[in-house]
Structures are given as structure tokens and as C-alpha cells.
Amino acid sequence: MRGALPEDAVQIGPVRRDGSVSRADLLHIVRPSPGRIDSRCPVARECGGCPLIAASHALEESEKAALVARAFGAAGLAPTVERCAPEPFYGYRVRARLSFRSHRQRLSLGYRAAASADVVDVERCVVLDPRLDAALAVLRATLGPDLVGAGEIHLGLGASGAVARVASEDAQTPAIFAAVAGLVERGALGGAAIAVGG
């Protein structure tokens, strides 16, 4: 269940059947798991990413190892799953796929909501490498007023720093092309591409 961790005692909403799967919404955590920690992410409940952001390193490591073992088990394999040292909790992600939607000069830029096409507006992302987090802020400020329609912004960390790819089915204004070129020329981005239409 989205938002719940192993050993959490939770209150849930009405159970819905979806084929052979039962679904319910988390209403309240009655008693938190011993492995639950406070998350620094202000949108953790709404965002579709980082389902284990409220888990301790030990719990996250255990859950990921169990996930790998289940996946191999479903394929009839029984490997030994060795645990690696956990990555840092924050500032480790070196690529991201963000979504945007611009409607009546209001921009939503962030990640998709869990099991939804809705965009959760993210001012900054605590799991992004600081260079990508800075690029997100620059892209929001620079492109935000002129982006048209909906699409995606892919961020990655390359040898020359943060790189971005803006993709949209909607035609973008010349201001977007000029703004992206300016970000590269000024060194705010190490590289960029824009793809519009089919």
C-alpha cells in the first residue's frame, strides 16, 4: 500500500477490487514501523517516486533485497541476494524524468503522482544530486513562463554537468528555444535538446 511501510499499523479507506488485486487508500498511520524515519521530502505522500523515502537504511535495504529475491523467485530462480552498502538518503540521484503541464500561465513541473497522470509540483527534489536540483530550479525559473501544453523534462548528469531534454507533443514558442540555448551558453546547463511533435 502506497505510503505504508512493513510493520506500520494503518487505517485504510474502503477496499476496492481491481481484478485479482485489492486496493485501498492509506488514511492514517496509527502506529509507525520501528523502521520509519522522518522524511525531508515535503511531497512524499503525493509524489509517485521514492516509495521508501520514510524507511531507515536498514529497512530500505531489506525491502529492496526482498524485492529482488521475489522477482527472481517468480522466474523460478533462487539466487543469493547480496546486499550492497546503502546509497546516501539524499542527493544521490543523477537522472530524473520530470513532467510538466502548463495551463493558463500556471506551470506544474515535477514528478507524476502515484498511479496517476497528475503532475506533483516539485520546487526542489531532495534525492537529486545537488547539480540536478540546481538545474531543476533554473529550468523552472527560465522556461516556466513560456512552456506550452504538457511534456517531459529529462535531467541527467554528464561530463559537462547537468544536461536536459525537453520533450512535448505541443509546439513550443521561440522563447523556449532561445532560453535553452542561453542556459547552455551561460554554462547553467552542460547540454540540452528540445523535441516537439511526434
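Our subject is the structure listed above.
Below, the structure is looked at part by part. Predicted, not measured: the structure shown is a model, and the values here were computed from it.

Rules used throughout
Residues numbered from 1 in each chain as written. Predicted model: local features only at pLDDT ≥ 70, side-chain atom pairs only at ≥ 80, totals over all residues. Heavy atoms only, no water. Buried < 20%, exposed > 50% of the residue type's maximum accessible area, 1.4 Å probe, protein only. Helix = DSSP H or I, 4+ residues; strand = E, 2+ residues; numbered from the N terminus. Pairing = 2+ DSSP bridges. Right-handed = clockwise from strand over helix to strand, strands pointing away. Polar contact = N/O pair within 3.5 Å; in protein donor to acceptor, adjacent residues only side chain to side chain. Contact = heavy atoms within 4.5 Å.

**Focus: the pairing of strand β9 (residues 161–168)**
Burial within β9 is extensive, with six of its eight residues counted as buried. Sheet topology note: the strand β8 (residues 150–158)/β9 ladder contains eight bridges and is antiparallel. Looking across to β9, one finds that Gly158 is bridged to Gly161. Strand direction decides the pairing type here: β9 and strand β10 (residues 191–196), joined by six bridges, are parallel. Across the sheet, the residue bridging to Ala167 is Ala195, located in β10. Handedness of the β9-helix α3 (residues 174–185)-β10 crossover: right-handed.

**Regarding the side chain of Gln172**
Along the chain, Gln172 falls in the loop between β9 and α3. At 3.4 Å, the side chain of Gln172 forms a polar contact with the side chain of Ser168. The residues touching Gln172, leaving out its near neighbours within four places in the chain, are Phe100, Asp146, Leu147, Val148, Phe177 and Val196.

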